[in-house]
Amino acid sequence: MTDQVTVFEDHKNQRIEYSTCYMCACRCGIKVTVENDNVRFIQGNRNHPTNQGVLCAKGSAGIMKQNSPAKLHQPLLRKPGTARGAGEFVPISWEKALDMLTARLQNIRSTNPDKLAFFTGRDQMQALTGLWAQQFGTLNWAAHGGFCSVNMAAGGLYMMPFAFWEFGDPDWDRTKYFMLWGVAEDHASNPIKIALEKLKRRGAKFVAINPARTGYQAIADEWVAIKPGTDGLLALSMVHVLLERELFDWDFLIRYTNAPFLIIDAPGSSDHGLFWRNAAGHPQVWDMCTQNFADGMEAGSNPSLSLLDKHINPAGRTVRTVMSLMIEKYLDASYAPEQVSKITGVPAETIERLALEMAQVAFEETIEIDCEWTDWTGRKHDKFIGRPVSMYAMRGVSAHSNGFQSARAIHLLQILLGTIDCPGGFCAKPPYPKPVPPPVKPAQHSAPNQPLSSSPLGYPTGPEDLVIDEQGNPKRIDKAFSWETPLSIQGLLHMVITNAHNYDPYRIDTLILFMANMAWNSSMNTAEIQKMLVAKDSEDGEYRIPFIVVSDAYHSEMVNFADLILPDTTYLERYDTLSMLDRPISETDAVCDSIRHPILKTNRDVRAWQEVLVDLAGRLQFPAFVHENGEKRYQDYKDFIVNYQKEPGIGFLSGWRGKNGDQHLRGEPNPRQWEAYIDHQSFFQHHLPLNIRYFRFVNQAYLDFAVEAAYIPKAEPMFIEIYSEPLQRFRLAGEGVYDGPRPTQPADRERLAKYFDPLPFWYEPLEQQRVSAEEYPFFAVNQRPMMMYHSWDSQNAWLRQIIAQNFLYMNRQRGEHLGIADKSWVWVESHNGKIRVQVKLIEGCQEDTVWTWNAIGKQSGAWALSPDAPEATRGFLMNHLISELLPEKTGERRLTNSDPITGQAAWYDLRVRIYPAAPGEEGTWPTFPTIKPLPDEPRPVDRLRYHTHPPVNLKS
Ligand code: SF4
């Protein structure tokens with residue numbers, strides 16, 4: 001025995017800092033222990049509203065992100081005389097790099113600002129990058145939403161005052177029945193884990209609808225193995241069951257939705273399918289008490305759903321309610337469970353039982369919370385009545401070319417059950433609810449040296465809002481807001497390189513990419529995209545995309561194709577905001593935002609991209625960033641965040657405003673606002689009083705509060721739009737009868753007429769319509785791995801221990817039937833290409849589906865990995881099989897492989913055939929040349945191991 005006491009931690013040299021995790025959209029609160037300016041460890045912050053102390057593998061492994069050998073060290077310029085993509089770079093100072101970039105951008109801005117395309121990956125500061133692009137004056141800006149899950153945002157926001165994704169959440173403390181659609185566990189990670197634990201303890205039922213039984217689905221009470229791309233049809237079949245049995249919330253539909261609004265029924269005329277409006281522009285209803293027409297927006301009317309009759313209005317036009325259209329549509333036999341079962345693979349009795357189970361919980365197990373509140377009509381209520389059924393849906397629904405209408409179909413199910421923003425239901429997160437759709441239109445025109453009149457992105461409500469020229473051609477390089485994808489509210493990141501390469505619709509000058517790995521896992525058709533990045537113009541010999549600037553913190557595959565590399569910091573080395581103007585961390589019952597601040601000093605010549613943007617904005621004399629005399633208005637990003645005001649009293653951060661820091665939500669700039677956040681563990685939380693916590697879209701006290709906080713422009717009710725008039729306007733344009741702009745090309749006309757149904761509907765995904773199911777019998781989908789994806793961390797030693805190679809997962813019985821053995825190598829072929837991969841046979845996979853983890857496979861030499869790392873030799877990307885364009889059709893221009901409404905990349909529409917590889921055919925294929933290390937990059941090692949602390953000697 002020794003009398004020495006083992007000291008595991010000597011806290012004398014340690015300090016605790018609080019910040020916000022960066023590795024996924026959850027943005028958990030973290031408690032970082034720092035020792036000698038190194039991270040000792042990272043824990044969850046127990047006080048934080050998002051994660052309440054819980055931390056996932058990626059969050060903990062942030063320590064290894066900081067120690068990554070793949071970190072960029074200094075600005076780099078492609079070595080003069082070397083080819084793009086050859087991986088030869090020379091250091092350049094920040095001053096020279098920024099001078100060079102400023103000169104280039106100045107020239108573009110003063111001639112044709114659209115020659116700059118600025119696209120960002122998974123950043124969380126779109127309010128800043130969007131403002132920057134707007135001030136620059138280019139239409140060509142977007143983040144990666146079009147590539148990720150825009151269908152969830154758009155599907156919701158064109159129907160409801162909020163949506164799935166980060167716009168809402170189930171009321172986890174009260175819900176009794178939870179249905180999860182197409183969600184891999186990378187999304188809403190810690191919050192959903194915490195919530196599922198709560199549900200399990202309370203005995204609530206959890207139903208998971210997903211082709212793969214992984215992650216969350218593995219602990220579901222019921223797993224529904226659905227065929228990919230058919231979720232919308234399943235939801236509408238449940239709608240069919242509810243309508244057939246009259247199991248829906250009549251009051252909810254009448255009071256809060258446009259179900260009673262009257263629609264003009266005049267096929268072939270320019271107002272067919274539009275609301276019948278009065279002189280004030282308000283939709284009309286049929287009043288049950290007065291037995292006459294009435295203003296649908298007027299308090300005190302008693303609208304009828306009028307299920308069966310058509311009315312003749314005073315102008316002699318036939319009108320009918322939205323509800324009557326719904327009944328006609330969804331009671332059709334094509335939505336009956338027996339029919340739907342054949343397409344979805346879900347048994348008819350399961351479809352019917354699930355619908356009836358939810359109706360039972362919604363209508364027989366209601367929740368009442370005693371609390372007085374007043375709705376927009378002045379009607380007083382003494383309680384909130386909740387229907388405790390909730391749902392959540394994400395990428396499995398979104399990444400199909402029918403995802404927009406499928407998201408709407410799921411919302412319709414929620415709406416019929418009356419489970420929107422009520423106790424136990426699906427609730428909004430501030431700044432939502434917002435008007436349907438949010439009242440921001442995309443900028444349509446650019447001009448030299450002029451900011452755009454509004455954001456480059458917005459919400460069109462009719463063909464007049466498209467960003468097209470007089471001939472109807474797209475004005476944006478990604479063709480967002482064109483006839484091809486009119487409601488592409490988050491742009492089409494996945495089309496930028498293809499269109500820029502093809503000069504379609506024009507040649508750009510400079511492409512700036514921030515954290516967007518377009519040369520690898522963030523592109524469909526990766527190998528072809530790499531060729532486009534180095535392709536030269538046959539006439540002038542220049543690159544078809546003349547200049548590429550990449551900002552990233554790590555040596556990704558995309559960095560290799562840059563002409564200028566601007567190295568970013570890590571998330572522990574910079575100031576950053578998770579802002580109410582952007583993507584805040586609000587909970588359903590609280591307004592929340594948060595920050596990051598430099599916890600560690602940078603030991604490299606790197607700058608935060610936020611700082612670079614603010615600096616460039618001053619150099620380029622953006623009006624919002626300079627005084628009248630031309631002097632910079634903001635010293636740096638920190639100064640910008642404190643002093644920038646969107647409108648008087650409203651800035652990026654909501655907490656501790658006012659000169660003395662004693663105001664919240666609205667108030668003058670507070671010079672010590674950053675310090676206040678740091679003193680409060682880097683987050684701000686404002687709990688909503690109970691009387692404004694539910695039915696906020698019609699709750700007068702909440703509407704008044706939201707106007708004061710600048711979340712909405714007017715304290716007016718936000719009706720749920722089951723029937724979408726904006727969609728009908730586009731459909732009329734497709735039919736050639738719209739009283740306004742109309743497309744000329746047959747493909748556009750056909751798509752608008754077919755897919756812009758103002759009521760949710762289901763159609764077979766576009767690629768699948770053109771690919772033979774006999775020839776390619778399997779659906780093939782990706783899932784983002786919870787333990788890896790958003791961290792971009794294949795170089796992360798801890799995370800590599802969890803997974804360093806992905807497999808193709810396949811239903812065991814189906815695989816064995818095809819003579820495919822577990823762990824054998826197989827060929828997977830699509831209409832676009834083929835890959836060789838290793839298979840794992842599992843039970844938890846729908847029999848017609850194969851899937852894999854996305855973004856594990858890496859290009860040899862990237863991310864400072866050893867050239868023969870398993871990520872490069874055995875890992876693979878499904879991306880090679882997926883084309884960014886739909887298969888060709890005779891006489892038609894090439895169309896994007898995306899949702900025809902929103903432009904969402906249709907990743908999950910892929911069909912493949914699979915057969916065993918020949919004996920000796922092993923290893924992943926295709927392979928790519930090994931990327932050269934950057935100047936100053938450490939030599940790759942076989943094993944990544946870091947000491948962040950002297951080893952604790954247990955024997956001493
Ligand atoms: S990776 Fe996501 S879930 Fe995990 S700790 Fe970070 S923010 Fe939270």
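Residues numbered from 1 in each chain as written. Predicted model: local features only at pLDDT ≥ 70, side-chain atom pairs only at ≥ 80, totals over all residues. Heavy atoms only, no water.

As recorded by an unreviewed UniProt entry, the protein carries the name Thiosulfate reductase molybdopterin-containing subunit PhsA and is attributed to Acidithiobacillus thiooxidans ATCC 19377. Quoted verbatim from the Subcellular location (unreviewed entry) heading of the UniProt record, the comment on the protein is "Cell envelope". Its UniProt record, at the heading Sequence similarities (unreviewed entry), says of the protein: "Belongs to the prokaryotic molybdopterin-containing oxidoreductase family." (UniProt positions renumbered as here; feature names shortened; annotations may be inferred.)

**Student:** What's the story with the site of the ligand in this structure? I'm lost.
**Tutor:** Neighbouring residues of the ligand: Cys 21, Met 23, Cys 24, Cys 26, Arg 27, Cys 28, Leu 55, Cys 56, Lys 58, Gly 59, Ser 189 and Asn 190. Of all the elements in the fold, those that place two or more residues in the shell around the ligand are helix H1 (57-60) and helix H7 (189-202). Tallied by class, residues from the shell around the ligand come to seven nonpolar, three polar and two charged. (Near = heavy atom within 4 Å. Helix = DSSP H or I, 4+ residues; strand = E, 2+ residues; numbered from the N terminus. Nonpolar A, V, L, I, M, F, W, Y, C, P; charged D, E, K, R; others polar.)

**Student:** Looking at this structure, how should I read the packing of helix H3 (residues 94-111) against helix H17 (residues 609-619)?
**Tutor:** As a packed pair, H3 and H17 sit with axes 10 Å apart at the nearest point and diverge in direction by 55°. Taken together, the axis directions place H3 and H17 in an arrangement best described as oblique. Relative to H17, the crossing made by H3 is right-handed. On H17, the residues that touch Trp 94, Glu 95, Leu 98, Asp 99, Leu 101, Thr 102 and Gln 106 of H3 are Val 612, Asp 615, Leu 616 and Arg 619. Each residue belonging to the contact of H3 with H17 can be placed in one class, and the counts come to five nonpolar, two polar and four charged. (Axes fitted to C-alpha atoms, helices over the stretch in contact; angles between N-to-C directions. Parallel < 35°, antiparallel > 145°, perpendicular 65-115°, else oblique. Left-handed = near helix turned anticlockwise from the far one by under 90°. Contact = heavy atoms within 4.5 Å.)

**Student:** Mind showing me how you'd approach the packing of helix H8 (residues 231-244) against helix H10 (residues 322-330) here?
**Tutor:** Geometrically, a packed helix pair is captured by the angle between its two axes and the distance between the axes. Contact pair H8 / H10: the axes reach a minimum separation of 10 Å and the direction vectors enclose 110°. The orientation of H8 with respect to H10, classified from their angle, is roughly perpendicular. For the element pair H8 and H10, the recorded crossing hand is left-handed. Between H8, through Leu 236, Val 239, His 240 and Leu 243, and H10, the contact on the second element is made entirely by Met 323, Met 326, Ile 327 and Tyr 330.

**Student:** It is not clear to me how the domain arrangement of the protein should be interpreted in this structure. Could you clarify?
**Tutor:** Often, the extent of an interface is quoted as the loss of accessible area on bringing the components together. Split into domains, the protein comes out as domain 1 (14-67 + 573-620 + 631-690), domain 2 (76-146 + 441-567), domain 3 (158-430 + 720-724), domain 4 (725-758) and domain 5 (766-916). For domain 2 versus domain 5, the separation of C-alpha centres amounts to 27 Å. Every contact between the two is made by 30 residues of domain 2 and, on the other side, 34 residues of domain 5. Approximately 2700 Å² of surface area, both sides summed, lies buried where domain 2 meets domain 5, with 54% of it carried by carbon and sulfur atoms. Of all residues in domain 2, Glu 484, Asn 521 and Met 524 bury the most surface against domain 5, accounting for 26% of the area lost on that side. (Domains from an automatic or database assignment. Buried area = accessible area lost by both parts, 1.4 Å probe.)

**Student:** Can you help me understand the pattern of salt bridges in this one?
**Tutor:** If the charged atoms of two oppositely charged side chains come close together, the side chains can form a pair. Within this structure, the stated rule accounts for 57 salt bridges. Salt-bridge contacts for Arg 15 lead to Asp 37; the nearest nitrogen and oxygen are separated by 3.5 Å. On the criterion of sequence distance, the pair formed by Arg 15 in strand E1 (residues 14-20) and Asp 37 in the loop between strand E2 (29-35) and strand E3 (38-44) is long-range, its members being 22 residues apart. Using a relative accessible area of 33% as the deciding quantity, one classes Arg 15 as partly exposed. (Salt bridge = Lys/Arg side-chain N within 4 Å of Asp/Glu carboxyl O. Buried < 20%, exposed > 50% of the residue type's maximum accessible area, 1.4 Å probe, protein only.)

**Student:** Can you walk me through the sheet that holds strand E31 (residues 849-853) in this structure?
**Tutor:** Paired through backbone hydrogen bonds, the strands of a sheet run either parallel or antiparallel to each other. On the basis of which strands lie adjacent, the closed barrel formed by six strands has the order E27-E31-E28-E30-E29-E32 and mixed pairing. Going across the sheet, the axis of each strand differs from the next one's by a mean of 45°, ignoring polarity. Bridge count for strand E29 (residues 825-829) against strand E32 (residues 911-916) is four bridges, and the pairing is antiparallel. Paired with Val 826 across the bridge in E32 is Pro 916. (Pairing = 2+ DSSP bridges.)

**Student:** Whenever I open this one, the packing of aromatic side chains confuses me. Can you help?
**Tutor:** The description of two aromatic rings rests on the distance between their centres and on the angle between their planes. Across all of its chains, the model carries 54 aromatic pairs by this definition. Arranged with centres 4.8 Å apart and planes meeting at 65°, the rings of Tyr 575 and Trp 674 form a pair that is edge-to-face. Here the residue Tyr 575 occupies a position in the loop between strand E23 (564-567) and strand E24 (576-578), and Trp 674 occupies one in helix H19 (residues 673-679), the gap between them amounting to 99 residues. Comparing Tyr 575 with Trp 674 shows no difference in burial state: the two are buried. (Phe/Tyr/Trp six-rings, centres within 6.5 Å; stacked < 30°, edge-to-face > 60°.)

**Student:** What's the story with the layout of surface pockets in this structure? I'm lost.
**Tutor:** Computed from the structure, the second largest pocket encloses a volume of approximately 810 Å³. As for the second largest pocket, its lining consists of 27 residues, and the residues nearest its centre are Met 297, Pro 435, Val 436, Glu 716 and Glu 721. Across the lining of the second largest pocket, the residue classes tally to 16 nonpolar, four polar and seven charged. Inspection of the lining of the second largest pocket shows a minimum of three residues originating in each of domain 3 (158-430 + 720-724) and domain 4 (725-758). (1 Å grid on protein atoms, 1.4 Å probe; cavity = no way out; pocket = protein on both sides within 12 Å on 5 of 7 lines; lining within 4 Å. Points joined across faces, edges and corners; volume = space filled by probe spheres on them.)

**Student:** Got a minute to help me understand H17 in this structure?
**Tutor:** An α-helical segment advances 3.6 residues per turn. Residues three or four places apart therefore align on the same side. Summarising burial for H17: ten of the eleven residues are buried, a large majority. Of all the positions in H17, only Trp 609, Gln 610, Val 612, Leu 613, Val 614, Asp 615, Leu 616, Ala 617, Gly 618 and Arg 619 are classed as buried. One or two residues past the end of H17 sits Gln 621, with phi positive at roughly 60°.

**Student:** Whenever I open this one, the sheet that holds E3 confuses me. Can you help?
**Tutor:** One open sheet accounts for three strands, arranged E1-E2-E3; its pairing is antiparallel. The open sheet has two edge strands with one neighbour each: E1 and E3. Strand after strand, the sheet turns through a mean of 25° between neighbouring axes, direction not considered. Here seven bridges tie E1 to E2, and the two strands are oriented antiparallel to one another. In the sheet register, Ser 19 faces E2, and the bridge partner there is Ile 30.

**Student:** Could you clarify how one ought to interpret the environment of Asp 171 in this entry?
**Tutor:** Tracing the backbone through its elements, the reader meets Asp 171 in the loop between strand E8 (168-170) and strand E9 (177-181). The exposure class of Asp 171 is buried, given its relative accessible area of 6%. Taking C-alpha positions, Asp 171 is 9.8 Å from Met 391, a pair spaced 220 residues apart along the chain. Every residue in contact with Asp 171, bar those within four places of it in the chain, is listed here: Cys 422, Pro 423, Gly 424, Gly 425, Cys 427 and Tyr 694. Among the polar contacts made by the side chain of Asp 171, one reaches the main-chain amide nitrogen of Gly 424 at a distance of 2.8 Å. (Polar contact = N/O pair within 3.5 Å; in protein donor to acceptor, adjacent residues only side chain to side chain.)

**Student:** When you look at the environment of Arg 731 in this model, what are you seeing that I'm missing?
**Tutor:** With respect to the helices and strands, Arg 731 occurs in helix H21 (residues 725-735). The exposure class assigned to Arg 731 is buried, which follows from its relative accessible area of 19%. As for Arg 731 and Ala 753, which are separated by 22 residues in sequence, their C-alpha atoms are 4.7 Å apart. Ignoring any residue separated from it by four or fewer positions in sequence, one finds Arg 731 in contact with Leu 752, Ala 753, Phe 756, Asp 757 and Pro 758.

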